[in-house]
Amino acid sequence: MTPRRVRQWLVVACVCALGALALMTWQIIDPTVWPVMVAMSLGQVLGTASFAAFGYVVLADYRARHRADVASDPRPIERH
Amino acid sequence: MTLLSSPLAIMELGCAALSAIILVVYLVFRPPLVHATKVWLLMGLGVLPIGAAFSGNIQGFEATKERAFCGSCHVMALHAQDSNDPTSGSLASRHARNAMFGSENCYSCHADYGMFGTIVTKAGGLRHVWLYLTEYRTKSVAYDKQNIHLLDADKMNGNCMQCHSTRDPLWQKVPDHKASLPDDRADRLGCASEGCHGLAHPFFRAPGEERTVQR
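Below or above, wherever it landed, is the structure these notes cover. (Residues numbered from 1 in each chain as written. Chains lettered and ligands numbered in written order. Predicted model: local features only at pLDDT ≥ 70, side-chain atom pairs only at ≥ 80, totals over all residues.)

**Description of the overall build of chain B**
Link 1 in the chain: Regarding its fold elements, chain B presents 11 helices and 0 strands.
Link 2 in the chain: Element order for chain B, N to C, with α for helix and β for strand: α-α-α-α-α-α-α-α-α-α-α.
Link 3 in the chain: Out of the 215 residues in chain B, the part that is buried amounts to 23%. (Helix = DSSP H or I, 4+ residues; strand = E, 2+ residues; numbered from the N terminus. Buried ≥ 20, exposed ≤ 12 C-beta atoms within 10 Å, placed from the backbone.)

And the structure:
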């Protein structure tokens, strides 16, 4: 994943999380039917999606670093 | 309940505010994804929003028990008005004046009892939301008054008996209670029926009454 792509994913995750937080706060300020229903459905979906996107980016970053480490390691692979 | 009197509401607002600050700072400065950035984003996208969701959801579930919540659909406006009326003599209003659970009187009387009572009641509430969306959302209160009917009072004695056990000597001293005890416990005679304590709500059709307004 390129740094530009990483940034795009994280921006989407941040925007989704801000939306989810806004919905969850709306239900606290105005505890009527629609705010509560929307917060407990759409709010949860957005929040979970943002966290999943963050997890995906971190995992992809970890794998890229691991691949880079392996590629740059000059030691030969030992075979028994 | 005011907003600041609930620790859960304060926790939700605190977590949401801290998380929002972290996310906005990231969006403004867009730092590279180094270890420190990951830790901050873990807080902003994971730990704090989960805290906000946890406290917000519990607070939301608590809010669904409040009469203000039940009355926020327009079809329930008359019921809520009646419950809020200190001069009303309806069963609903008399229970609303109870200091122990008055603000949650809708939930207290309509919630099913038992281990899964809350889940069954919430599932029933979702059915009401569905009916509201598909049938009653665009209808007038006059239409609703004629077409929504009360649950058969004979089937609701179990809800009354959550508090009024029918075993208290004072309750059994009342001659009418004494005479109707077997029928009350067997759901053959409704506590909230005509001739006993009357319908819980003064509006809408009584059970069995025909519709007077056509769709």
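Now, onward.
**A look at the environment of Lys 145 of chain B**
Residue and element names in this part refer to chain B.
Link 1 in the chain: Relative to the helices and strands, Lys 145 is located in helix H8 (residues 141-147).
Link 2 in the chain: Residue classification places Lys 145 among the partly exposed residues on the basis of 15 C-beta atoms within 10 Å.
Link 3 in the chain: Between the alpha carbons of Lys 145 and Met 76 there is a distance of 9.7 Å; along the sequence they are 69 residues apart.

**Considering the packing of helix H1 (residues 3-29) of chain A against helix H1 (residues 7-29) of chain B**
Link 1 in the chain: Axis separation between H1 of chain A and H1 of chain B bottoms out at 10 Å; the angle between their running directions is 155 degrees. By the angle between their axes, H1 of chain A is roughly antiparallel relative to H1 of chain B. As for how H1 of chain A packs across H1 of chain B, the hand of that crossing is left-handed. Residues Val 11, Cys 14, Ala 17, Leu 18, Leu 21, Met 24, Thr 25 and Ile 28 of chain A of H1 of chain A pack against Ala 9, Glu 12, Leu 13, Ala 16, Ser 19, Ala 20, Leu 23, Tyr 26 and Leu 27 of chain B of H1 of chain B.
Link 2 in the chain: For the contact of H1 of chain A with H1 of chain B, the residue count by class is 14 nonpolar, 2 polar and 1 charged. (Axes fitted to C-alpha atoms, helices over the stretch in contact; angles between N-to-C directions. Parallel < 35°, antiparallel > 145°, perpendicular 65-115°, else oblique. Left-handed = near helix turned anticlockwise from the far one by under 90°. Contact = placed C-beta atoms within 7 Å. Nonpolar A, V, L, I, M, F, W, Y, C, P; charged D, E, K, R; others polar.)

**Description of unusual backbone geometry**
Residues and elements named next belong to chain B.
Link 1 in the chain: With a phi close to 45 degrees, Arg 30 is a non-glycine residue in the positive phi region.
Link 2 in the chain: Tracing the sequence through the fold places Arg 30 in the loop between H1 and helix H2 (35-63).
Link 3 in the chain: Taking the number of C-beta atoms within 10 Å as the measure of exposure, Arg 30 has 13 and is therefore partly exposed.
Link 4 in the chain: The phi dihedral of Thr 166 falls on the positive side, at around 70 degrees, and the residue is not glycine.
Link 5 in the chain: Looking at where Thr 166 falls in the secondary structure, it is placed in the loop between helix H9 (157-160) and helix H10 (169-173).
Link 6 in the chain: Its 15 C-beta neighbours within 10 Å are what place Thr 166 among the partly exposed residues.

**Overview of H2 of chain B**
Link 1 in the chain: Over its 29 residues, H2 of chain B extends 40 Å from the first C-alpha to the last, a length consistent with the 42 Å expected when each residue adds 1.5 Å.
Link 2 in the chain: Of all the bends in H2 of chain B, the greatest measures close to 40 degrees and is centred on Met 43 of chain B.
Link 3 in the chain: By the burial criterion, the buried members of H2 of chain B are Leu 41, Gly 44, Leu 45, Leu 48, Pro 49, Ala 52, Ala 53, Ser 55, Gly 56, Gln 59, Gly 60 and Ala 63 of chain B.
Link 4 in the chain: Along its buried surface, H2 of chain B packs onto H1 and helix H2 (33-72) of chain A together with H1 and helix H3 (67-70) of chain B. (Expected span 1.5 Å × (residues − 1). Bend = angle between axes of the 7 residues up to and from the residue.)

**A closer look at the nonpolar core**
Link 1 in the chain: Judged by nonpolar contacts, the single largest core of 36 residues is most densely connected at Ala 17, Leu 21 and Met 24 of chain A.
Link 2 in the chain: Breaking this core down by element, the ones donating at least two residues are H1 and H2 of chain A together with H1, H2 and H3 of chain B. (Core = buried A, V, L, I, M, F, W, Y, C linked by C-beta atoms within 7 Å.)

**Section: the interface of chain B and chain A**
Link 1 in the chain: Facing 30 residues of chain B, the contacting portion of chain A comprises 29 residues.
Link 2 in the chain: For the side of chain B that touches chain A, the secondary-structure elements that each account for two or more residues are H1 and H2 of chain B.
Link 3 in the chain: Split by residue class, the side of chain B that touches chain A holds 18 nonpolar, 8 polar and 4 charged.

**Thoughts on the environment of Phe 54 of chain A**
Link 1 in the chain: One can find Phe 54 of chain A in helix H2.
Link 2 in the chain: In sequence terms Phe 54 of chain A and Met 1 of chain A are 53 residues apart; their C-alpha atoms lie 13 Å from each other.
Link 3 in the chain: With residues up to four places along the chain from it excluded, the contact list for Phe 54 of chain A reads Ala 13 of chain A together with Leu 41, Leu 45 and Gly 46 of chain B.

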